[in-house]
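# A closer look at the structure
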Amino acid sequence: MNRKMLNRALIGLMCFLLLQLTVQAGAVAPAGQSQGQSQDQSQAPAQQLSPQELQQLVAPIALYPDALVAQVLAASTYPTQIVEADRWMQSHSNLKGDELAKEVDKQNWDPSVKALTQTPSVLENMDKNLSWTSSLGEAYANDPQALTNEVQTLREQAQKAGKLNSNEQENVTTQGNTIVIQPANPDVVYVPAYDPWLVYGDPIVAYPGWYPVPGIFFGGPGLYFGAGFGIGFFGGFGWGWNHWGYDWHGHDAMFDHGRYISHSRSIMNHNDFHGGHANFNHENGFHGGGNPGFHGAAPSHAQAGTHSGALSGFDHGGNARSFSSRGQSSFGGGSHGFNAGGGGFHGGGGFHGGGGSHGGGGGHR
């Protein structure tokens, strides 16, 4: 009889302890989190980057023409498609002109990613430096205003250093307090190659693991312009060059004369991520990885064998495209003061560009 009573007492004690543990577990759950909702499902606040960190992200693209800046920022929210598109371009290197444009149009990529096939060296750079690409996309989604302001800040610094002026390849103009960069020829785009860590006057700490892709990276003190990219072949498609622009006042990439909205599955609030500070969902394995590498990381842009660490499982194989060496040396001096900041609106241009045309020589300054 005593043994039965002891067993009942032990069972009762165990039930009581189990109930206490359950209550305590519920008490430590985050406030406002419903029962059954995991900690992983809660949305973490976006981490705010410093101006120096943002400059490190936009330095490689700040001196690109406005429409190309829009394409790069929009496409950076689709890192998986960037990888796919660059590998596709490498395996279809035989396609040129109108034939290439038609085949690109068939692909299931975002319009911004398709647009980058017009400038394949830019697409290749985003693939080779994938950690930077995904960090750039995350920063653009979380705080487009701050990112846009830093682009203008760096353009101002480049002007003061005498590195950003109108030439045969591009027109550099001032609209209010905004520096605008447009192709000099509406059918040919010249992408400047430069050292993003040195061209702005005061050195910028290189993005960790930065890989200097030939055709985009130029080790001299200024900007280099190689052969132009003919964009007329792509003008008849809805993602072509003339469908893109940048609203510097509204801090938005523009597509078809409206604000571009990313529908990437890597973004939490993809319906309107510019309205607030949306966070990237890293379920696909993409993490910018930029934040841990910031804050005094040693410059690494001279390490040609280094690749981005965001997707260590990806093979970055494939040879870099040859870099055009045509051009005349004309590094200019002079200082042009400029006050960057908000300013006028610069939207996309007209639609459906004319016939294809390829740029000839070039130059560097």
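Just so it is clear, the structure is predicted and the values come from calculations on it, not from any experiment.

## Here we look at the overall build of the protein
Along the backbone of the protein there are 10 helices and nine strands. Taken across its 365 residues, the protein has 50% of its residues classed as buried. Put simply, 80% of the contacts in the protein that link residues at least 6 apart link residues at least 24 apart. On the protein, roughly 16,600 Å² of surface is accessible, and the fraction owed to carbon and sulfur atoms is 53%.

## Looking at the pattern of salt bridges
Applying the stated criterion across every chain, the model contains six salt bridges. Among the salt bridges present, the one from Asp66 reaches Arg155, with a minimum N-O distance of 2.8 Å. Taken together, the positions of Asp66 in helix α3 (residues 66-75) and Arg155 in helix α9 (residues 144-160) put the pair 89 residues apart, joining distant regions of the chain. The exposure class assigned to Asp66 is buried, which follows from its relative accessible area of 0%. The class of Arg155 is buried, set by a relative accessible area of 0%. Among the ionic pairs, Lys106 bridges to Glu103, the shortest N-O distance being 3.0 Å. Of the residues examined, Glu103 reaches a relative accessible area of 26% and is grouped as partly exposed.

## Focus: unusual backbone geometry
Residue Asp256 is not a glycine yet carries a positive backbone phi of 55°. If you trace the backbone, Asp256 turns up in the loop between β7 (252-255) and β8 (258-259). Given the relative accessible area of 37%, Asp256 is considered partly exposed. The backbone phi angle of His257 is positive, close to 65°, even though this residue is not glycine. For His257, a relative accessible area of 45% translates into the label partly exposed.

## Overview of the packing of helix α7 (residues 120-128) against helix α8 (residues 130-142)
The N-to-C vectors of α7 and α8 enclose an angle of 95°; their axes lie 5 Å apart at closest approach. Classified by the angle between their axes, α7 and α8 sit roughly perpendicular to one another. Two secondary-structure elements touch here, α7 through Asn125, Met126, Asp127 and Lys128 and α8 through Leu130, Trp132 and Thr133. For the contact of α7 with α8, the residue count by class is three nonpolar, two polar and two charged.

## As for the pairing of strand β2 (residues 178-183)
With five of six residues buried, β2 lies mostly within the body of the structure. Across six bridges, the pairing between strand β1 (residues 170-175) and β2 is antiparallel. By the bridge assignment, Thr173 is partnered in β2 with Val180. Hairpin connection of β1 to β2: two residues between the antiparallel strands, including Gly176 at a positive phi of 65°.

## With respect to the packing of aromatic side chains
Per the counting criterion, the structure on display carries 11 aromatic pairs. With a centroid separation of 5.4 Å and an interplanar angle of 90°, the aromatic rings of Trp197 and Trp210 are classed as edge-to-face. Taken as a pair, Trp197 in the loop between β3 (188-189) and β4 (224-225) and Trp210 in the loop between β3 and β4 lie far apart in primary sequence, 13 residues in all. Owing to a relative accessible area of 1%, Trp197 belongs among the buried residues under this scheme. Summarising the aromatic geometry, the rings of Trp244 and Phe255 are spaced 4.5 Å apart at their centres and angled 40° between planes, so their arrangement reads as tilted. Of this pair, Trp244 sits in strand β6 (residues 244-247) while Phe255 sits in strand β7; the two residues are 11 residues apart in sequence, bridging distant segments of the chain. The class of Trp244 is buried, set by a relative accessible area of 2%. Joined through ring pairs, the aromatic side chains of Tyr64, Tyr194 and Tyr200 make up one cluster.

## With respect to the environment of Ser50
Along the polypeptide, Ser50 turns up in the loop between α1 (2-27) and α2 (51-58). When the C-alpha positions of Ser50 and Ala146 are compared, they lie 9.1 Å apart, and in sequence the two are 96 residues distant.

## With respect to the sheet that holds β8
Sheet architecture is open: three strands sit in the order β6-β7-β8, paired in antiparallel fashion. Each edge of the sheet is formed by a strand with only one pairing partner; in this case those strands are β6 and β8. Where β7 meets β8, two bridges bridge the pair, whose relative direction is antiparallel. Counted as the bridge partner of Phe255 is Gly258 from β8. Strands in contact with α3 are β6 and β7; relative to β6, the strand with the most contacts, it is inclined by about 90°.

Definitions and limits used
Residues numbered from 1 in each chain as written. Predicted model: local features only at pLDDT ≥ 70, side-chain atom pairs only at ≥ 80, totals over all residues. Heavy atoms only, no water. Helix = DSSP H or I, 4+ residues; strand = E, 2+ residues; numbered from the N terminus. Buried < 20%, exposed > 50% of the residue type's maximum accessible area, 1.4 Å probe, protein only. Contact = heavy atoms within 4.5 Å. Areas by Shrake-Rupley, 256 points an atom, 1.4 Å probe, with all protein chains shown as cover. Salt bridge = Lys/Arg side-chain N within 4 Å of Asp/Glu carboxyl O. Axes fitted to C-alpha atoms, helices over the stretch in contact; angles between N-to-C directions. Parallel < 35°, antiparallel > 145°, perpendicular 65-115°, else oblique. Nonpolar A, V, L, I, M, F, W, Y, C, P; charged D, E, K, R; others polar. Pairing = 2+ DSSP bridges. Phe/Tyr/Trp six-rings, centres within 6.5 Å; stacked < 30°, edge-to-face > 60°.

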